[in-house]
Each structure stands twice: as structure tokens, then as C-alpha cells.
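If you want the building blocks of each chain, they are given just below.
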Amino acid sequence: MSKTAAALSGDAPDAPARPRLGRRIGLIAYSVFVGVVVLALIAAGVGVWFVNRSFPQTEGTIALDGLSGAVTVQRSELGIPTITASSTDDLFFAQGYVHAQDRFWEMDFRRHVTSGRLAELFGESQLGTDAFLRTLGWREIAEQEVAALDETTLSYYQSYADGVNAYLVDRDKADISLEYAVLGLQNAHYEIEPWTPADSVAWLKAMAWDLRSNIETETERALLATTYTDEQVLELYPPYPFDENPVIVPEITDVPAATETADAATAGIRWTEVADVVSAVSTLIGGTGEGIGSNSWVVAGDYTDTGMPLLANDPHLGASLPSVWYQAGLRCSVVSDTCPFDVSGFSFSGVPGIIIGHNASIAWGFTNLTTDVVDLYIEKLDGDRYWRDGQLVDLFANVVWDELAQNLFTRGRSTPVPLTSQSRQFLVVQNLLADPGSPWWTNTEIGVSGQRDMLEASARSATEILTTAQGSNPLQWRWGTLHAITLTHETFGTSGIAPIEALFNRGPFPVGGGSSVVNATGWPLGEGFATTTVPSMRMVVDLSHFDASGWNHLTGASGHAFHENYTDQTATWQAAGLIPWAFTRDAVTAATEHTLTLEPAN
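Bear in mind the structure is a predicted one, so any value in this text is a computation, not a measurement. (Residues numbered from 1 in each chain as written. Predicted model: local features only at pLDDT ≥ 70, side-chain atom pairs only at ≥ 80, totals over all residues. Heavy atoms only, no water.)

Let's shift gears to the overall build of the protein chain. The secondary structure content of the protein chain amounts to 20 helices and 19 strands. When burial is assessed residue by residue, the protein chain has 44% of its 602 residues classed as buried. Element-wise, carbon and sulfur atoms account for 57% of the exposed surface of the protein chain, whose accessible area totals about 30600 Å². (Helix = DSSP H or I, 4+ residues; strand = E, 2+ residues; numbered from the N terminus. Buried < 20%, exposed > 50% of the residue type's maximum accessible area, 1.4 Å probe, protein only. Areas by Shrake-Rupley, 256 points an atom, 1.4 Å probe, with all protein chains shown as cover.)

In C-alpha cells form, the structure reads like this:
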């Protein structure tokens, strides 16, 4: 019967045809897709909020207890602040507040290092390091120095601490920095303590340790003395060539030689255990690694087109994220005897003032003289006592160079020679090149006999390394790629948990330069070619017009991962470039992108 007839006869019509299976699957898939997108957008929104919640306020007005007058904080596009206040108390209060805005996790981590309290953050795995740090006594010495400060200097440190604490008050840990949210996954009970002047002073003790240069060298020589002759050790550790590289100061006062000499044969001490702890501390605050030091020079006005000097400085330190430096300007509204500051430069987060920079009249820089500042004592135990003082108490030559150093001194050697200073190794090899018959050119364990054989073998192995890494066409070889730097967060950047490391680390970034050249980017011989020590900042100060100066550092002003100022200076650093350094009031105002006013709460 037809459908029409069925309808006329009163029979029920056929049910509508059900959607085909393919269409149903498509509808389900589309619904799932829409749901996933919505969930992803919600998750992204939550993630953005979670990350951004710790970003600092840089505009508007904030009322704070502890201020006596209004303070302005003008930030440039790169987040660099210039702080202006009418008194020194308010000036350093605001500097502490701003440092805490951008870098408090870094500050908090550092004070746990200097006081030997890392286990409070990261658990009992850090107890050995804590014990060694407490033995060094940085915190104890810092507290003694704070007690000895004059009234004016102490007021700067105390005002700074008050500003830090004003930022911390009534803030949850995750509102201060993303790192605290991550820390909460393993240590939810950690509580932030108020900042104190001793926290600031202790970091200066750590920097002194960072810039030491001789404890590792003294240890290496003592241990080598058990295997090699005095003449061989002297070959490996030659004196400084004053005749080839004269110093600026023409006369150097001799220091009387020690009357007691240690017995080198007793150097077979249990150093490995101590060395492991020293290495751990170096990992935390920066080691003496290859290239630690500085470039620092002045061009006299006789040689500049303005007739005024140029001062340049770029300290070489271990690479870190965030950078060890924090750029800032500190200005008294009216410069006077009671408020004398009109200064701009590089500061340490956690420490009041400017470390390197210039004021309205002079400029200054720092460099490391690599002087002997650490003494190594070899203890000979006698029961429960010990003896003391005699009484019972960018060239691929870089790759060839790396291979040559290993072939000469470590591979196959029964007692490998430490490759801890490329500048020293350069001098050693320079002397050996002038002595083709030296036994150092022979290394039977790697099948090398004589100077020519050693040089050819090193060149061949260097070619193999480059071919494996970058292909067989030498025109495609790039030192910058081989020597690239990964900016590694000082704590969570080496957690071993890839998603967490990805939150905080950045790079790799191709890097030029090398060891013991002007662009001093160092790497440890025999451990790959990645950059580990760097020009941590660069500045050129033009004393004819300070606004014509330039500056830059490794990362950026912010210590907050994903903030726009986290690594926004890295590209300029890669190119060994500088950014304009605004100093005068008009120049600072012209460069200002954000202005924050801090005012008394009452």
C-alpha cells in the first residue's frame, strides 16, 4: 500500500529515518572536540592567571606602612626601575620593595644558602651541603658585621629590609612567585620569614666565595705532588709571565714567603668528600669556573672625540637565570648631605644600593684580581689530635684546543691533570710548543708519540666531533651552535622533572666568544662545549654625557617566569650589544613606560 493510502486509511505513518552512523559519529566527535577546546581554554585561562598572579604592580598607587613620604618608581620598557624619594630611608625602603616585587624567590633562596638552611626548602638531601655552609660561617660573620655597622649604614640596611617585608605582608606564597607554588608540591608547610639586614650582608660573603680563585688550584697541586715531580708540577702551573703581560702597577710589594712548608707527600687526603661539597656549593652560588674574572678598562679623554673618558666593565661570572645583576637608578628628589644619592647601575637583589655604575660625577667598575684569599690546610691526625704549625694541635680551533688539552693531560694518564683553568693551560701548551722533545707530547695509552703526532691526532678527533655534531661540510659548522647556552633556573632548572624545568629554563641560545678572549664565554674542557661562564653584564659609561652610556645583562629585570622582562635582554647580550642607559631626569622620563607611586598608608 502507498504512503498516501496509508495516511488516508488512518494508519500511523512510518517513523523518521534515523541518522546514518557516520553522521552520528561526526556529531559525537564534534561535541568531544568542542568540549576539549572549552576545557583547554579554561585550563589556559587558569594557567595564565596562576602564572600572572605573582607579576608585580607597576602602575597606580600603593599605600604602605613604613614610608614617610611619596616615592615614585618609573620603569622603562625593559622593566628597569628608577626610584625617586625625598629621604634615604624611603629610597632604600622602596628599593627593597621593588627587589621583592621582581626577585624575592631568588633572595629567599640565597639567604637559605648563606645560612646553611637549604634542607628547610628541599629536604634532608641538602644536609651535607648545609653542614659545610655552616662551617664557613657566612651567616654568623654577617650578624657580627651588622652589629658593627655605623648608625647611618645600618639605617640603609634596615630601611631596605622594611621595604622587602612591606611587600611580603598579607601575600600568599604563590602570590609572591611561581616557584613557591612548585615548592608547595613537595613542601607545603614552608613559611617565608621576614627579611633582616643580616640576610643582605650574608650575600656579600657568598659573593666573596664565588670570586675566590685558589682553593681548587692549591688542592690540585697538592694532589698532583703525590705522583709528579716538582719540575712537572711547575710545568703545569707556571708563574705568571710578567715579561709578556706587564701589569699596570709597575712595582709589586713582595709578600714574605711562609717559613713552614707542607709535606707534599701527605697530600693524599680524603679530599674527594670535601670536593663534592665544595662543588655543590659552587653549583648553588656559582663556581670559580673557566673565565671567572672581568674585563675592565678606561679610555682616556685624550683618545675620545668628546675629550672625556669612557669606562667599560663586564664581570665574568657563572651564567644564571635570573641574572645575578639587577639594574636600577636611585635618586634623591633633592640631593643634599642628608640624602646624597643620584646613582644608577647594577645592584644585587637582596642588597641595598648600587654595586657597579655611576653617579652624577664619577663611574666605577670591578674586576677580580685572582689573589690568594683561601688557605688550604693539610691535617695530619695523631689519635684525637692534629698537627699545626709544627706542634701537636669562535674559532673551531676551540674544538681542537679542547681535544689537545685532553690528549695531553687526561686521557690515558694514570694521574689526570686537572683542566680547570684554560688561561693556565694556554701558557702550559705555549711553553710545550717551544719544546718539541717534552715527554708530555707522548701518550702511549692513546697511541701518540711526539709533538707532531699529538697535534695531528687532536685535529683528527676534533674533526670527528664536528662532523658528528654538524655534518661533514665544514662550511656548515657553527661554533655558536656548539657553544650555545641554556639559561638554567638556579633551583628548579635542574630538578630532573622535564615539565618543571620547561617552566623556568630558556634556550639554548647560540653564543660566540670563548675562553680568555674579550667576549669571555667559558666552557669546562672535556665536558662538551656549552657555555657556562659569561660576561654577566656589560656597560660603557660616557663621562661626557651619561645619557650616551649603554648597559646590558644576561637575562632581564624580572625573576618571574613568563614575564615579558624575564629574558628580554638576552638577544642584546648574545650580540654583545648595549641598550641606552637613561640617567638624567629628562631621559628617564622619556624612557618611562610605567609609573608606580608608593605613599604612606597614614
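If you trace the 8 strands from one edge of the open sheet to the other, you get β1-β19-β2-β3-β6-β7-β8-β9, paired in mixed fashion. In this open sheet, the two strands that pair with only one neighbour each are β1 (60–64) and β9 (363–364). Relative to strand β3 (residues 81–85), strand β2 (residues 71–76) runs antiparallel, the two being bridged by 4 bridges. Paired with R75 across the two strands is P81, which belongs to β3. (Pairing = 2+ DSSP bridges.)

Now for a negative patch on the surface. A surface patch of negative charge is lined by D230, E231, E235 and D435. Owing to a relative accessible area of 32%, E235 belongs among the partly exposed residues under this scheme. (Patch = residues over 30% accessible without salt bridge, like charges linked within 9 Å, V, L, I, M, F, W, Y side chains within 5 Å. Salt bridge = Lys/Arg side-chain N within 4 Å of Asp/Glu carboxyl O. Lys, Arg positive; Asp, Glu negative; His and termini not counted. Charge placed at Lys NZ, Arg CZ, Asp CG, Glu CD.)

What follows concerns the nonpolar core. Grouped together as the largest cluster of nonpolar side chains are 88 residues, with contacts concentrated most on F104, W325, M539 and L598. No other element matches the 12 residues that helix α3 (residues 88–114) contributes to this core. Among residues more than four places away in sequence, those in contact with L598 are I62, L64, L67, G69, A70, V71, V73, A94 and Y97. Counting 29 residues, the second largest nonpolar core, distinct from the first, contains W401, F409, W441 and W523. (Core = buried A, V, L, I, M, F, W, Y, C linked by side-chain atoms within 4.5 Å. Contact = heavy atoms within 4.5 Å.)

With 27 residues, α3 should reach 39 Å at 1.5 Å per residue; the first-to-last C-alpha distance of 27 Å falls well below that figure. Of all bends in α3, the biggest is about 95°, found at R103. For α3, a buried count of 26 out of 27 residues is recorded, marking the element as mostly surrounded by other parts of the structure. Backbone geometry just after α3 places G116 at a positive phi near 65°. (Expected span 1.5 Å × (residues − 1). Bend = angle between axes of the 7 residues up to and from the residue.)

Applying the stated criterion across every chain yields a total of 16 salt bridges. Taking the shortest distance from any N to any O, the salt bridge between R103 and E106 comes out at 2.9 Å. Of this pair, R103 and E106 are both found in helix α3, 3 residues apart, which corresponds to roughly one turn of the helix. Judged by its relative accessible area of 1%, R103 is buried. R110 is the partner of E106 in a salt bridge, and the nearest nitrogen-oxygen pair spans 3.0 Å. Taken together, the positions of E106 and R110, both in helix α3 and 4 residues apart, correspond to about one turn of that helix. One network of salt bridges, in which partners are shared, links D108, R111, R139, E143 and D199.

Turning our attention to unusual backbone geometry. The step from L321 to P322 runs through a cis peptide bond, and the omega angle for that step is 0°. With an omega dihedral of 10°, the bond running from G507 to P508 counts as a cis peptide bond. Tracing the sequence through the fold places P508 in strand β14 (residues 506–509). Phi at D170 is positive, roughly 60°, even though this residue is not glycine. Of note, A576 is a non-glycine position whose phi angle comes to about 55°, a positive value. Within the secondary structure, A576 is located in the loop between α19 (570–574) and β18 (579–580). We classify A576 as partly exposed; its relative accessible area is 43%.

All right, on to the packing of helix α7 (residues 151–168) against helix α10 (residues 197–210) then. The relative placement of two packed helices is expressed as an angle between their axes plus a distance between the axes. Where α7 contacts α10, the two axes come as close as 8 Å, and the packing angle between them is 110°. One way to sum up the angle between α7 and α10 is to call them roughly perpendicular. Residues Y157, Q158, Y160 and A161 of α7 touch α10, and the partners they reach there are P197, S200, V201 and L204. (Axes fitted to C-alpha atoms, helices over the stretch in contact; angles between N-to-C directions. Parallel < 35°, antiparallel > 145°, perpendicular 65-115°, else oblique.)

With that settled, consider the confidence of the model for the protein chain. Looking at the protein chain as a whole, its pLDDT mean stands at 85, while 80% of the residues score no less than 70. Low confidence marks residues 1–10, where pLDDT is under 50. Its contacts with residues over four positions away, or in another chain, come to 5 contacts. Low pLDDT (under 50) marks residues 257–274, which in the prediction has 16 contacts with non-local residues, meaning those over four places away or in another chain. (pLDDT = per-residue confidence, 0-100.)

Below, the discussion takes up the pairing of strand β6 (residues 326–332). Of all 7 residues that make up β6, 7 are buried, and the element is covered over most of its length. Here β6 shows two buried faces, one formed by Y326, A328, L330 and C332 and the other by Q327, G329 and R331. Relative to β6, β3 runs parallel, the two sharing 4 bridges. Looking across to β6, one finds that T82 is bridged to G329. In this structure, β6 lies alongside strand β7 (residues 342–347), joined through 6 bridges in antiparallel fashion. What sits directly across from L330, in β7, is V343.

Okay, the packing of aromatic side chains next. Any aromatic ring pair is given by two values, namely how distant the centres are and how the planes are angled relative to each other. Summed over the entire model, instances satisfying the criterion amount to 26 aromatic pairs. Here F92 and F341 contribute two aromatic rings whose centre-to-centre distance is 5.3 Å and whose plane-to-plane angle is 80°, an arrangement assigned as edge-to-face. Taken together, the residues span a long stretch of sequence, with F92 in helix α3 and F341 in the loop between β6 and β7 at a distance of 249 residues. Seen in terms of ring centroids, W551 and W581 are 4.2 Å apart; in terms of plane orientation they differ by 5°. Their pairing is stacked. Placement of W551 in strand β17 (residues 550–553) and of W581 in the loop between β18 and α20 (585–591) is noted, with a sequence separation of 30 residues between them. Judged by relative accessible area, W551 falls into the buried class, the value being 4%. With relative accessibility at 0%, the residue W581 sits in the buried group. Positioned above the aromatic ring of Y167, the side-chain terminus of R171 is 3.9 Å from the ring centre. In this structure, R506 is placed above the aromatic ring of F562, and the distance from its NZ or CZ to the ring centre is 4.8 Å. (Phe/Tyr/Trp six-rings, centres within 6.5 Å; stacked < 30°, edge-to-face > 60°. Lys NZ or Arg CZ within 6 Å of the ring centre and 35° of its normal.)

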